[in-house]
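# Structural features, examined
Here are the chains, one letter per residue:
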Amino acid sequence: MATDSWALAVDEQEAAAESLSNLHLKEEKIKPEANGAIVKTNANEEKTDEEEKEDRAAQSLLNKLIRSNLVDNTNQVEVLQRDPSSPLYSVKSFEELRLKPQLLQGVYAMGFNRPSKIQENALPLMLAEPSQNLIAQSQSGTGKTAAFVLAMLSQVEPANRFPQCLCLSPTYELALQTGKVIEQMGKFYPELKLAYAVRGNKLERGQKISEQIVIGTPGTVLDWCSKLKFIDPKKIKVFVLDEADVMIATQGHQDQSIRIQRMLPRNCQMLLFSATFEDSVWKFAQKVVPDPNIIKLKREEETLDTIKQYYVLCNNRDEKFQALCNLYGAITIAQAMIFCHTRKTASWLAAELSKEGHQVALLSGEMMVEQRAAVIERFREGKEKVLVTTNVCARGIDVEQVSVVINFDLPVDKDGNPDNETYLHRIGRTGRFGKRGLAVNMVDSKHSMSILNRIQEHFNKKIERLDTDDLDEIEKIAN
Ligand SMILES: Nc1ncnc2c1ncn2[C@@H]1O[C@H](COP(=O)(O)OP(=O)(O)OP(=O)(O)O)[C@@H](O)[C@H]1O
């Protein structure tokens, strides 16, 4: 097994390097279209060390860039009200929210017909009088951004030329994405202006900003509120903490957010949104949102119940490749994702498949975020049917319509043990929305066979052997 442990060491190094390089964002390309906000977009000035290292932010951005629709979620919403007598009810239409006409126009201009589940529950609460605090959790892509943007836009008074709503985002790029939603939704309010408090946006000392909404990263917002005094925090009516889970993964952001929150008036409405609710997020949420109402919408459970799982026994990488070629016709009936452990294997495999005349896409950690988004977008549109990628690179990215997953390498953790969570996450998405999923695992050594056995035991689900030289068997799995 000497070669195995050596390979694992190489893999580990590559995987670590991959996660580090995930945030090589091409900042100068994204230009905010803020009305009146001046933003200097110098990449070097913009990034902090923490942001470089943080790859959750890149995943979140990728998901935002590739997503054009709401994520379907049939799970129930859990609502915990602070005051049980407060009139909390769900709304089924945007009209029922009695939004200002300009906002209703903005919502419809964005193509939204009715509120999403989180919007339906959170909006009446956020718009209630007197104002209420809220902690809301719902998976990425379920409409949280639109929800708090509507809350900010409903409460802002455009005639007042000073900041009234403050929104914190974990990174520059995520701040720009949210800024775009504010601009789109608020476009029928011509007098409304938005400022980006991000590093690189240098204003003259002593200046007071007149934009009614400020969106930015915690460090710069803190400077603008305290040291530089561009913003009077006492005049803020609505304070939003977006992507709290991504936020606290970045060192320093948590403390800065708390320091900003302490400068705000007592009656300022505090809203906190997160895609997940680990303990750390929850603790942070309770520190920055006093007396909260809580809305939770669970992520749909991933399950292996509707998925046919197979393994193919091979002796080496070339045999795995041959087996994959034998399977190719069957797997490309649907869209397939092929996972490799390292970038090197992924690049090799994509090149070999292309040489065989197959059209495949490669998603790799060394690509810039926009390049990765473009690859996933093409795949999502069905322009390529097969996407070759690594686990690190594809972690946390939702590609909903995949119904075939090939583990060219089985998922292992950094100690070389089976990574059951990743296995479930990769495969457990394939059979969603009633579609049947298919998973094929390539095994090429005693070591990988033992990993497969441990995965079987863990999930208590049998993984059948598949002979890829047997055409009848291949036909069977395709149907
Ligand atoms: N009511 C709606 N009707 C139709 N589309 C919507 C609605 N609300 C949001 N969307 C769209 O759904 C997608 C996801 O929404 P949004 O970005 O608000 O989700 P999110 O929960 O904030 O995601 P994240 O956790 O990644 O920030 C966006 O493309 C958005 O334009």
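Residues numbered from 1 in each chain as written. Predicted model: local features only at pLDDT ≥ 70, side-chain atom pairs only at ≥ 80, totals over all residues. Heavy atoms only, no water.

Under the annotation held in an unreviewed UniProt entry, the protein carries the name RNA helicase and is attributed to Chinchilla lanigera. In its Catalytic activity (unreviewed entry) section, UniProt records this for the protein: "ATP + H2O = ADP + phosphate + H(+)". (UniProt positions renumbered as here; feature names shortened; annotations may be inferred.)

Before going further, it helps to spend a moment on the sheet that holds strand β14 (residues 437-443). Taken in spatial order, the 7 strands of this open sheet run β11-β12-β10-β13-β14-β9-β15, and their pairing is parallel. Strands with a single pairing partner mark the edges of an open sheet, and in this sheet they are β11 (360-363) and β15 (464-465). Along the sheet, helix α18 (residues 446-459) contacts β9 (307-313) and β14; its crossing angle with β14, the most-contacted strand, is approximately 145°. (Pairing = 2+ DSSP bridges. Helix = DSSP H or I, 4+ residues; strand = E, 2+ residues; numbered from the N terminus. Contact = heavy atoms within 4.5 Å. Axes fitted to C-alpha atoms, helices over the stretch in contact; angles between N-to-C directions.)

In this section: the site of the ligand. Lys64, Gln119, Gly141, Lys144 and Thr145 are the nearest of the 20 residues found near the ligand. A distance of 3.0 Å separates an oxygen atom of the ligand from a polar atom in the backbone of Gly143. Broken down by class, the residue content of the shell around the ligand amounts to 5 nonpolar, 10 polar and 5 charged. (Near = heavy atom within 4 Å. Polar contact = N/O pair within 3.5 Å; in protein donor to acceptor, adjacent residues only side chain to side chain. Nonpolar A, V, L, I, M, F, W, Y, C, P; charged D, E, K, R; others polar.)

Over its 14 residues, helix α8 (residues 172-185) extends 20 Å from the first C-alpha to the last, a length consistent with the 20 Å expected when each residue adds 1.5 Å. Here α8 lies mainly inside the structure; 12 of its 14 residues are buried. Taken residue by residue, α8 has Tyr172, Glu173, Leu174, Ala175, Leu176, Gln177, Thr178, Gly179, Val181, Ile182, Glu183 and Met185 as its buried positions. (Expected span 1.5 Å × (residues − 1). Buried < 20%, exposed > 50% of the residue type's maximum accessible area, 1.4 Å probe, protein only.)

Met126, Leu134, Met152 and Ile213 are the most contacted members of the largest nonpolar core, which totals 43 residues. When residues in this core are grouped by element, the largest group, 8 residues, is from helix α7 (residues 144-155). Met126 has contacts with Leu134, Ala147, Phe148, Ala151, Gln155, Gln269, Leu271 and Phe273, leaving out every residue within four places of it along the chain. By size, the runner-up hydrophobic cluster in this structure holds 39 residues, among which are Leu174, Phe339, Phe379 and Ile463. (Core = buried A, V, L, I, M, F, W, Y, C linked by side-chain atoms within 4.5 Å.)

UniProt tags residues 92-120 as "domain: DEAD-box RNA helicase Q" (unreviewed entry). When the span residues 92-120 is considered, its composition is 45% helix and 0% strand, and the gap between its end C-alpha atoms is 6 Å.

A few words on the packing of aromatic side chains. Counted according to the given criterion, the structure contains 7 aromatic pairs. Note on Phe94 and Tyr108: the rings are 6.4 Å apart at their centroids and 85° apart in plane angle, and the pair reads as edge-to-face. Pair noted here: Phe94 is in the loop between β1 (77-80) and α5 (101-109) and Tyr108 is in helix α5, with a separation of 14 residues, a long-range link. A relative accessible area of 0% places Phe94 in the buried class. Ring centres 5.5 Å apart and planes at 80° place the aromatic pair Trp224 and Phe230 in the edge-to-face group. Residue Trp224 is classed as buried on the basis of its relative accessible area of 2%. A network of ring pairs unites the aromatic residues Phe321, Trp348 and Phe408 as a single cluster. (Phe/Tyr/Trp six-rings, centres within 6.5 Å; stacked < 30°, edge-to-face > 60°.)

Further remarks concern the packing of helix α17 (residues 420-427) against α18. Across the interface, α17 lies against α18 with an axial gap of 10 Å and an inter-helix angle of 75°. Taken together, the axes of α17 and α18 lie roughly perpendicular to each other. Facing Asn420, Tyr423 and Leu424 of α17, the residues of α18 in contact are Ile455, His458 and Phe459. Its residues placed into classes, the contact of α17 with α18 shows 4 nonpolar, 2 polar and no charged. (Parallel < 35°, antiparallel > 145°, perpendicular 65-115°, else oblique.)

Here the focus is the pairing of strand β13 (residues 404-407). The side-chain alternation of β13 yields two buried faces, one formed by Val404 and Ile406 and the other by Val405 and Asn407. Both strand β10 (residues 336-340) and β13 contribute to a ladder of 4 bridges, which runs parallel. Directly across from Ile338, in β13, lies its bridge partner Ile406. When β13 meets β14, the two strands line up parallel, connected through 4 bridges.

Turning next to the confidence of the model for the protein. Any segment with low pLDDT has predicted coordinates that should not be analysed in fine detail. Per-residue pLDDT for the protein has a mean of 82; in total, 83% of the residues score no lower than 70. Scored below 50 in pLDDT, residues 1-54 shows 116 contacts in the model against residues more than four places distant or in partner chains. As scored by the predictor, the complex reaches a pTM of 0.78 and an ipTM of 0.97. (pLDDT = per-residue confidence, 0-100.)

Before going further, it helps to spend a moment on the side chain of Ser138. You can see Ser138 is positioned in strand β2 (residues 134-138). On the basis of relative accessible area, Ser138 is assigned to the buried category, the value being 0%. A polar contact is formed between the side chain of Ser138 and the side chain of Thr142, at a distance of 2.3 Å. Setting aside residues up to four positions removed in sequence, Ser138 forms contacts with Ile118, Lys144, Ser274, Ala275 and Leu297.

Taking burial as the measure, the 6 residues of strand β7 (residues 269-274) include 6 buried ones, the bulk of the element. Burial of β7 is two-sided: the residues Gln269, Leu271 and Phe273 facing one way and the residues Met270, Leu272 and Ser274 facing the other way are all buried. By the bridge criterion, 4 bridges tie β2 to β7 in an arrangement that is parallel. Considered in β7, the bridge of Gln137 is made with Ser274. One ladder, built from 4 bridges, connects strand β6 (residues 238-241) with β7; its direction is parallel. When the sheet's bridge partners are listed, Leu241 is paired in β7 with Leu272.

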